[in-house]
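Now for the letters of each chain:
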Amino acid sequence: MAQAAIELIGINKSFGAVRANRDINLEVARGTIHGIVGENGAGKSTLMSILYGFYQADSGEIRVDGKPVSIHTSNDAIALGIGMVHQHFMLVDNFTVLENVILGAENDALLKSSIAKARSELDRLEREYGLEVEPDAVIEELAVGLQQRVEILKALYRGAEILILDEPTGVLTPAEADHLFRILKQLKDQGKTIVLITHKLREIMAITDTVSVMRQGTMVATRVTKETTVGELAELMVGRRVLLRVEKGESEAGAVKLSVKNLTVKDSRGVTMVDNVSFDVRGGEIVGIAGVAGNGQSELLEAISGIRHAVSGEVMLDGKPIDLTGKADPGELRDRGLAHVPEDRHHVGLVLAFEENENSILGYHDDERYLKGPFLDIEAIMADAKDKIEKYDIRPGNPRLKTANFSGGNQQKIVLAREMEQDPGVLIVGQPTRGVDVGAIEFIHKRLIAMRDQGKAVLVVSVELDEIRSLSDRILVMFAGRVVGERGPDATEGELGLLMAGVEHQEAAE
Amino acid sequence: MDMFNAIVQVLDSTIRLSVPLLLACLAGLYSERAGIFDIGLEGKMLVGAFAGASAAAVFHSALIGLGTAVLISVAFALVHGFASITHRGNQIVSGVAINFIAAGSTIILGQAWFQQGGRTPALQPGERFEAITWPGADAIKDVPIIGPIYAELISGHSILVYFAFAMVPFTWWVLFRTRFGLRMRAVGENPAAVDTAGISVAWLRYRALICTGILTGVAGAYLSMVQNGGFVKDMTAGKGYIALAALIFAKWKPVNAMFACLLFGFLDAAAIRLQGSPLPIIGKVPVQFMQALPYVLTVILLAGFIGKAIPPRAGGVPYVKER
Amino acid sequence: MSTPYAKLPAWADYGLIPLINLSVAFIVAGFVVMLVGENPFRAAVILVEGAFGKGTGIAFTLFYATTFIFTGLSVAVAAHCSLFNIGTEGQAYIGGLGIALVCLSLDSVMPWWVIFPIAIVAAATFGALWGLIPAYLQAKRGSHIVITTIMFNFIAASVMVYLLVGPLKPAGSQAPQTRNFLAGAELPKLNWIIELFGAKIRSAPLNICFLLALVMAFLVWLLIWRTRLGYEMRTYGHSPKAARYAGISETRIIITAMMISGALAGMMALNPVMGDQHNVAIDFVSGAGYVGIAVALMGRLHPVGIVLAAILFGMLYQGGAELAFEMPAISRDMIVIIQGLVILFAGALEHMFRPYIQALFASVSPKSVGMQAVNGKGA
């Protein structure tokens, strides 16, 4: 075994009462790619942020190249040859590539020599690793994949020997991800050590040499990648056999309730996000939309729910059109039986500063049930909230508690309870279980299937392929704003994966 | 020729009136570019004016006056930093607080120390910054056109006037050609990028605020030690806010800032000059209209009717490491 | 992002911490008093006695408080919708214009009880309209409301100066103000209430506006926490995206909130104009709009807190006048400093002492400090 580039010994870190990392031990050999997997909230990012000096460990020791080191700031980490590519890029959007690369690594008080040096360095790195990027381009005008490349260049420019990547493929198209992996392999061949944080097991299997699994703040296992399987890693991640399939009967699809025809949506920069998409959702069926994040799913949901302006096309709810100018009144759509569980519950689906009961009427606050003239009917609202708490097992069961104090799963239940209990004809759900604990996932899936069995039309968008396969009666795959395929519930992961990667789509286009 | 002389005189007073605006505007540029809103320019100018005139009168030295003005103004800037950087308080609220503390304390201390109803003693020669006459200014004063322009507009101002205009290219150079400027612009756009690059966000912002304090201090000293021979209560009279307006008008750029301040200074000069007398074609324009014009223009700009003013993206938001 | 702070019991959150912040502001003010060579403790005694020692003092204190209740409520209503209305000053000034127009045209033909309601409507309308333009620009053009309202304060000042030295000034007068109103536009005093308690009052301007202010405080409470509109304002205030999702129109809610805020600001003018001066003079608002910021922050945006904070500031203004009389080194501008310090410590530095208090609570009784659960967000 090669010498360890990084050793973490007995690392502990708490935020308030939450222990994000407990007694973590980790060893990464020089010149290897090491994966760290775990669910959201398992403590992966915290651990790496400690290594990068962004947080301080409460206790424990860090060794780099066998020598004990103390890393108090990112500067210390950089000096030790540690570089990090963050999940959310740490770039200044209106700076050029060069300016971003030299920021914090300038030669002296004036910029002239730094810029000249960076220019020649970028040139060298481009030749050595194929990291091609225009040095004078402004970041906000670059594609996401290129922005990520700038992040890697930043680290290499600072002389990084150890490179940490935090969920690097979350925002990439499959082609961009492949390119990234080629770059990482090349870096490894040049002797760099790479730590890859992800929750996608496929990536781990494809590219890493060794892999560690984290669960609830602890390091539960380390394996040589070749000697393990996806099944074993998945089990280690969640701690018990993953419930891949929720029991459900055959769907009895009825009349079309939601119909999308030739829908096209552009974002504020004029880039087409949803491209001529058409599909129907019938009563009594769950239609799942699969796809890598950022392929237009979010925009599709927003357009259907009347929040976002659509350029062309039409959406029919129970045979009547929805206003797609972006000025639709979501309240009116609710009255027409369209319920929407948004992807971002922290900023959209909930007001975290509100009490639970206040959130339980969000969007339905103009409903007569909750009003007495212009006044809120507090008694009715409280009774209603208590009722939902009981039905959906929301804990703690206190409707006066601030919503921010509920866990992710319970927050999601608050939103689901609100939307489902309105007895809508059509329910659209974005990322039903993002950031939700395992126990709550099962509950939420069962509820969604119950909605289907009551004859509702359910549209689910999720980046979790397992979830889509488990829930859906029909699966649509989105890639680059288009629906590139439709499959039944028995479609294999490989088949869907190819569609999500846009493979068939590209072949068809050629 | 009368017309020409009148124009020269208006332009001359335009320069004099724009100087405090320009200094305060550039001061605001440093803090806002670093992501700290500063509506406390007014207050910092005011304490600068008071401290400058007081120290100059007591120690009989203009330079000691200027130094004290800068020192006290920087101290107030640091209070703003303590509240809005260290304690992540609301930057607007902190700015409002500083304006109040400045307004009250200059009067209370002035009265307590000098007993002249809030004024400081009239400054004697040597205690204030005198006009500098450029070589040959007197000699060519009577040459038509060039004479008055050289003697009135270019020559005959105090050192602080030249300092203010020199600060324009200097600030541009700092912003776009130095490491400090690069980092400062970065921290105003995306502090997390600066933090992960191993640079202290807080220290960087504090340094930007120190620059702000220095310039507001000089602006205050100009008011009490050049424009006026001593401190009078509330002598900034809203100039800090006009400077803020000019900063927006200039879209946070140094050279634009100079033109914006000259424009607002010109409006002020014209209002004084025209006081009551009718303009050709338009007729009599109320003084108040001219006084309100900078604010009206800024509102129109903000409304996006003449270009769009996009402030630094991280402006006004305290930096918290994301968890 | 929620702060990783532990929770404190409500009484500590809403009582203890503001009290500590306030005390620190006064301690710093005490140092300023020492700096000018006076005894801060004697100053405090004079201040409190001046404000509450005699019936007249109390009446004056409540008169000032009336003004501050209006401006504090004005700032608070906008703040609940996450709008920082620094324009209360200008809205109040323009509100005074509305009152002037009503009073000057009706005071010779109608009694006060007819004019008063009309004047309320006029003041509120003028104030609301002055708040409307910045609100519209924020909602429709994205212009930062803090900056536009500051600009509008200066524009309001120019407009009022123009009118008061020109069209509204009676011929032959030198003073920049309207003519004095006739008896029809003078509001009844409330001093008899204080006299009920046995205090003697020489002459004080406390008037019926005080009751109006209390009514408005109650109505604001009702609006914010008990009506659909208030719910919508708070939703928007916490999260504009959630408001959009919930079908709340951004334009409508911003404009409505700012107009209510402006209306409350405009109504402030009733107190000094119809209750005391009986004319509209230059700069009659004299900073009360800015005091409203301090009052709203101090009162933590709650009407009950605002009434208490307004009385505190009323006390400072009245006591400060007495103080200036007793201690020549201290003028009423001392109040301006205290105001600034209160805004600094209760507003910008409101969280400065919180960690210490929490540590204290945690060490004294760990049970009282429940820890906040983390959000489901990845750590």
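Residues numbered from 1 in each chain as written. Chains lettered and ligands numbered in written order. Predicted model: local features only at pLDDT ≥ 70, side-chain atom pairs only at ≥ 80, totals over all residues.

### Observations concerning the overall build of chain B
The line we're drawing: The secondary structure listing takes helices from DSSP runs of H or I that are at least 4 residues long and strands from runs of E that are at least 2 residues long, numbered from the N terminus. Each radius of gyration reported is based on C-alpha atoms, and the globular scaling rule is 2.2 Å times the count of residues to the power 0.38. Buried means a residue has 20 or more other C-beta atoms within 10 Å of its own C-beta, exposed means 12 or fewer, and partly exposed covers the counts in between; C-beta atoms are placed from the backbone.
Helices and strands together make up the secondary structure of chain B, namely 12 helices and 2 strands. Taken from N to C terminus, the helices and strands of chain B fall in the order α-α-α-α-β-α-β-α-α-α-α-α-α-α. Here the C-alpha atoms of chain B give a radius of gyration of 20 Å, agreeing with the 20 Å that 2.2 N^0.38 yields for 323 residues. By its C-alpha atoms, chain B is 70 × 50 × 40 Å across when sized along the principal axes. A burial count over chain B gives 55% of its 323 residues as buried.

### Re the overall build of chain A
Applicable threshold: Two residues qualify as being in contact provided that their C-beta atoms, derived from the backbone, are within 7 Å of each other.
For chain A, the count of helices and strands is 18 helices and 22 strands. Its C-alpha radius of gyration of 25 Å places chain A within 12% of the 24 Å reference for a compact globule of 510 residues. Among the 510 residues that make up chain A, the fraction classed as buried is 49%. Sequence separation of at least 24 residues holds for 67% of the intrachain contacts in chain A that already meet a minimum separation of 6.

### Details of the confidence of the model for chain A
Residue and element names in this part refer to chain A. Put simply, the rule reads: pLDDT is defined as a per-residue confidence score from the predictor, taking values between 0 and 100.
Per-residue confidence for chain A gives a mean pLDDT of 88; residues scoring 70 or more make up 95%. Per-element confidence in chain A ranges from a low mean pLDDT of 48 for helix α18 (residues 503-509) to a high of 96 for strand β20 (residues 457-461). Segment residues 505-510 is flagged for pLDDT under 50; beyond a separation of four residues in sequence, or across chains, it makes 3 contacts in the model.

### A word on the nonpolar core
Under the convention used in this document: Connectivity within a nonpolar core runs through C-beta atoms within 7 Å, and the core itself is a set of buried Ala, Val, Leu, Ile, Met, Phe, Trp, Tyr and Cys residues.
If you look at the biggest cluster of nonpolar residues, it comprises 392 residues, and the most contacted ones within it are Leu51(A), Cys25(B), Ala246(B), Ile99(C) and Phe313(C). Here this core takes 15 residues from helix α3 (residues 55-80) of chain C, the largest share from any one element. Those residues in contact with Leu51(A) that lie beyond four places of it in its chain are Ile6(A), Leu8(A), Ile62(A), Ile71(A), Ala77(A), Ile82(A) and Ile164(A).

### Focus on the environment of Leu316(C)
Residue and element names in this part refer to chain C. Within the element layout of this structure, leucine 316 appears in helix α14 (residues 303-326). Between the C-alpha atom of leucine 316 and that of methionine 334, which follows or precedes it by 18 residues, the distance is 9.2 Å. Leaving out residues up to four positions away in the same chain, leucine 316 has contacts with Ile335 and Ile338.

### Considerations on helix α4 (residues 91-114) of chain B
Every α-helix winds through 3.6 residues per turn, so residues three or four apart in the chain are directed the same way. Formally: A helix is expected to span 1.5 Å for every residue after the first.
Taking 1.5 Å per residue as the helical rise, α4(B) with its 24 residues ought to reach 34 Å, and the 34 Å between its terminal C-alpha atoms agrees with that figure. One or two steps after α4(B), the chain reaches Gln115(B), where phi turns positive at roughly 50°.

### Considerations on the interface of chain B and chain C
Note the threshold: Residues are grouped as follows: nonpolar covers Ala, Val, Leu, Ile, Met, Phe, Trp, Tyr, Cys and Pro; charged covers Asp, Glu, Lys and Arg; every other residue, Gly included, is treated as polar.
At the junction of the two partners, chain B supplies 38 residues and chain C supplies 41 residues. Where the side of chain B that touches chain C is concerned, the elements lending two or more residues are α3 (62-86), α4, α10 (239-249) and α12 (287-302) of chain B. Here the side of chain B that touches chain C gets 15 residues from one element, more than from any other, and that element is α4(B). Split into classes, the residues belonging to the side of chain B that touches chain C amount to 23 nonpolar, 13 polar and 2 charged.

### A short note on the pairing of β20(A)
All names here are of chain A. Applicable threshold: Pairing between two strands requires that DSSP report at least two bridges joining them.
Judged by how many residues are buried, β20 sits mostly within the fold: 5 of 5 residues are covered. By the alternation rule, side chains of β20 split into Ala457, Leu459 and Val461 and Val458 and Val460, which are all buried. When strand β13 (residues 285-290) meets β20, the two strands line up parallel, connected through 5 bridges. Its bridge partner being in β20, isoleucine 286 is matched across the sheet by valine 458.

### Side note on the UniProt feature "transmembrane region" (unreviewed entry) in chain B
Residues and elements named next belong to chain B. Defined as follows: UniProt positions are given in the numbering used here, feature names are shortened, and annotations may be inferred rather than shown by experiment.
Under the UniProt annotation, "transmembrane region" (unreviewed entry) lies at residues 57-80, 92-114, 159-176, 206-225 and 288-306. In residues 92-114, helix accounts for 100% and strand for 0%; the two terminal C-alpha atoms are 33 Å from one another. In this annotation, residues 206-225 is assigned 100% helix and 0% strand; the end-to-end C-alpha distance for the span is 28 Å.

### Some words on the packing of helix α2 (residues 41-59) of chain B against helix α9 (residues 201-227) of chain B
All names here are of chain B. Selection criterion: Angles here are taken between N-to-C directions and fall from 0 to 180 degrees, while the axes themselves are lines fitted to C-alpha atoms, restricted in helices to the stretch in contact. For classification purposes, angles smaller than 35 degrees are called roughly parallel, those larger than 145 roughly antiparallel, those between 65 and 115 roughly perpendicular, and all remaining angles oblique. By convention the crossing between two helices is left-handed if the near helix lies anticlockwise of the far one by an angle smaller than a right angle, and right-handed if it lies clockwise.
Orientation of α2 relative to α9, taken along the N-to-C sense of each, is 55°, at an axis distance of 7 Å. Relative to α9, the element α2 is oriented oblique. Seen from above, α2 lies across α9 with right-handed handedness. Contact residues: Leu41, Lys44, Met45, Leu46, Val47, Gly48, Ala49, Phe50, Gly52, Ala53 and Ala56 in α2; Gly213, Thr216, Gly217, Ala219, Gly220, Ala221, Leu223, Ser224 and Met225 in α9. Its residues assigned to classes, the contact of α2 with α9 shows 12 nonpolar, 7 polar and 1 charged.

### A look at the sheet that holds strand β11 (residues 256-266) of chain A
Residue and element names in this part refer to chain A. Here we have 4 strands laid out as an open sheet, ordered β12-β11-β14-β15, and antiparallel in their pairing. Pairing within the sheet leaves two strands with one partner each, and these edge strands are β12 (272-282) and β15 (320-321). Inspection of the sheet shows β11 paired to strand β14 (residues 312-317) by 5 bridges, in the antiparallel sense. In the sheet register, leucine 258 faces β14, and the bridge partner there is leucine 317.

### Notes on the sheet that holds strand β3 (residues 33-37) of chain A
Residues and elements named next belong to chain A. The 6 strands are arranged β6-β7-β8-β3-β9-β10 in an open sheet whose pairing can be described as mixed. Here the strands that pair on one side only, and so sit at the sheet edges, are β6 (82-85) and β10 (218-224). The sheet shows a mean angle of 20° between the axes of neighbouring strands, taken without regard to direction. Here β3 pairs with strand β8 (residues 193-198) via 5 bridges, running parallel. Considered in β8, the bridge of isoleucine 36 is made with isoleucine 197. Here helix α5 (residues 144-157) sits on the sheet and contacts β6 and β7 (162-166); the angle it forms with β6, its principal contact strand, is near 170°.

### Structural notes on the environment of Val70(B)
Residues and elements named next belong to chain B. Mapped onto the elements, valine 70 comes out in helix α3. Through-space distance from the C-alpha of valine 70 to that of threonine 212 is 9.9 Å; in sequence the pair is 142 residues apart. For valine 70, the residues in contact, after removing those within four places along its chain, are Ile214, Gly217 and Val218.

### Focus: the packing of α3(C) against helix α11 (residues 250-268) of chain C
Residues and elements named next belong to chain C. Following both chains from N to C, one finds α3 and α11 inclined at 170°, their axes separated by 8 Å at the closest point. By the angle between their directions, the pair α3 and α11 is classed as roughly antiparallel. Here Thr67, Phe70, Thr71, Leu73, Ser74, Val77 and Ala78 of α3 come into contact with α11, specifically with Ala257, Met258, Ile260, Ser261, Leu264, Ala265, Met267 and Met268.

### Concerning the confidence of the model for chain B
All names here are of chain B. Of the residues in chain B, 97% have a pLDDT of 70 or more, and the chain-wide mean is 90. Across chain B, the secondary-structure element scoring lowest on mean pLDDT is helix α5 (residues 146-154), at 82, and the one scoring highest is α9, at 97. Reported confidence for the predicted complex is 0.90 by ipTM and 0.86 by pTM.

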